[in-house]
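What follows is the residue order along each chain.
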Amino acid sequence: MINFVLIAVCIIAGMIFKSTKTIHPDAHKGINTWVLYLALPAVSFKYLPKVQWSLEMLFPILSTVLIAVGSWILVLFYSRIKNYSRRSRSTMELASGYSNTSFIGFPLIAAFYGEQYLSIAIICDQTMFLMLSTMGIITALKGGSKSGKISSRFILKRLFTFPPFLGCISALILSQFFNLDFAEPLFDKLAATVAPLALFSVGLQLKFNGWRKLIPQISTSMLYKLILAPLCVLVLALVFDIKEDIAKISIFEAAMPTVITSSIIAEQFRLNTKLINLIIGISILVGFVTTGIWFEIIEFLF
């Protein structure tokens, strides 16, 4: 409930500031810069050093990768049928393939299952973050290109200059050689700014005019993100007979709405921010209902 109120307050505040014209039209770019260059790298330094890697944790990793790849396949065929542009296709891929595993996922897992299961959720979250920082950036690059074709050299250059990706790599490497506990209070404070600032940025960019024309894209993206994605992970868990706890949390995390930072990436690479912001806002609202339904399904089957 607290998270729901915070989401509403941050988005509405952004919309109010935009409508009163008391804030610069490009103010969201400054906010996005803070999130990209400081807050998101801090998330990696906060969580990655604490992850306990093991063979049984391969399923949360594989399930997160499956969701991103499944989104790419579905949107590819759907966009061809609808004859959408590469820009729209990339926007839908970003909106469909990456879950809000932390800001929404962590509190819901703590509420439904208990805080002891957050260790599994962190694996899902950091895998999602790595996928978003790699596959998501490649998707955004191609969508933002006029031709849709980009050289491997250019992709690697953008990838290795993308702050969140550098944050992931740095956190993985440095934590093996240094004890970073002394900086944890700083990482906590920086990471805590991701959700409110990203949501405020969404509010600043949110536009409802012409939303009816976007209903097919919005509904298709949400159908995959909130229903088909967790269903795929559920089937995978049953096929491979995955243990209860790992299966439950992996499926539940797959049922989370669209990750907020996909909006910042969309804006950074000139994708359809109007579409992705609408998907984020609506999927969060609908997601609070569908995650409750998924909880009942998961408890019945496991």
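Structural data are supplied above this passage.
Basis of the calculations
- Residues numbered from 1 in each chain as written.
- Predicted model: local features only at pLDDT ≥ 70, side-chain atom pairs only at ≥ 80, totals over all residues.
- Heavy atoms only, no water.
- Buried < 20%, exposed > 50% of the residue type's maximum accessible area, 1.4 Å probe, protein only.
- Helix = DSSP H or I, 4+ residues; strand = E, 2+ residues; numbered from the N terminus.
- Arc of directions from axis to C-beta.
- Contact = heavy atoms within 4.5 Å.
- 1 Å grid on protein atoms, 1.4 Å probe; cavity = no way out; pocket = protein on both sides within 12 Å on 5 of 7 lines; lining within 4 Å.
- Points joined across faces, edges and corners; volume = space filled by probe spheres on them.
- Nonpolar A, V, L, I, M, F, W, Y, C, P; charged D, E, K, R; others polar.
- Axes fitted to C-alpha atoms, helices over the stretch in contact; angles between N-to-C directions.
- Left-handed = near helix turned anticlockwise from the far one by under 90°.

A. Here's a closer look at helix α9 (residues 184-191). Of the residues making up α9, those classed as buried are Phe187, Leu190 and Ala191. Buried positions in α9, seen along its axis, are confined to an arc of 95° and lie on one side of it. Residues of α9 that are buried make contact with α2 (27-47) and α10 (194-205).

B. Representation of empty space enclosed by the protein. Applying the stated criterion across every chain yields a total of two cavities of 30 Å³ or more. What the largest cavity holds in volume is close to 40 Å³. A class-by-class count of the residues in the lining of the largest cavity yields three nonpolar, five polar and one charged. Lining the second largest cavity are Leu36, Leu40, Phe129, Leu132, Ser133, Phe162, Pro164, Thr261 and Ile265. Among the elements of the structure, α2, α6 (118-144) and α13 (261-268) are those that each provide at least two residues to the lining of the second largest cavity. Ranked by the residues each element gives to the lining of the second largest cavity, the list is headed by α6, at three residues. Grouping the amino acids of the lining of the second largest cavity by side-chain chemistry returns seven nonpolar, two polar and no charged.

C. Examining the packing of α2 against α13 more closely. Where α2 contacts α13, the two axes come as close as 10 Å, and the packing angle between them is 115°. Our pair here, α2 against α13, has a crossing hand that is left-handed. Where α2 approaches α13, its residues His28, Lys29, Asn32, Val35, Leu36 and Leu40 are matched on the opposing element by Thr261, Ile264, Glu267 and Gln268. Here the residues of the contact of α2 with α13 are counted per class, giving four nonpolar, four polar and two charged.

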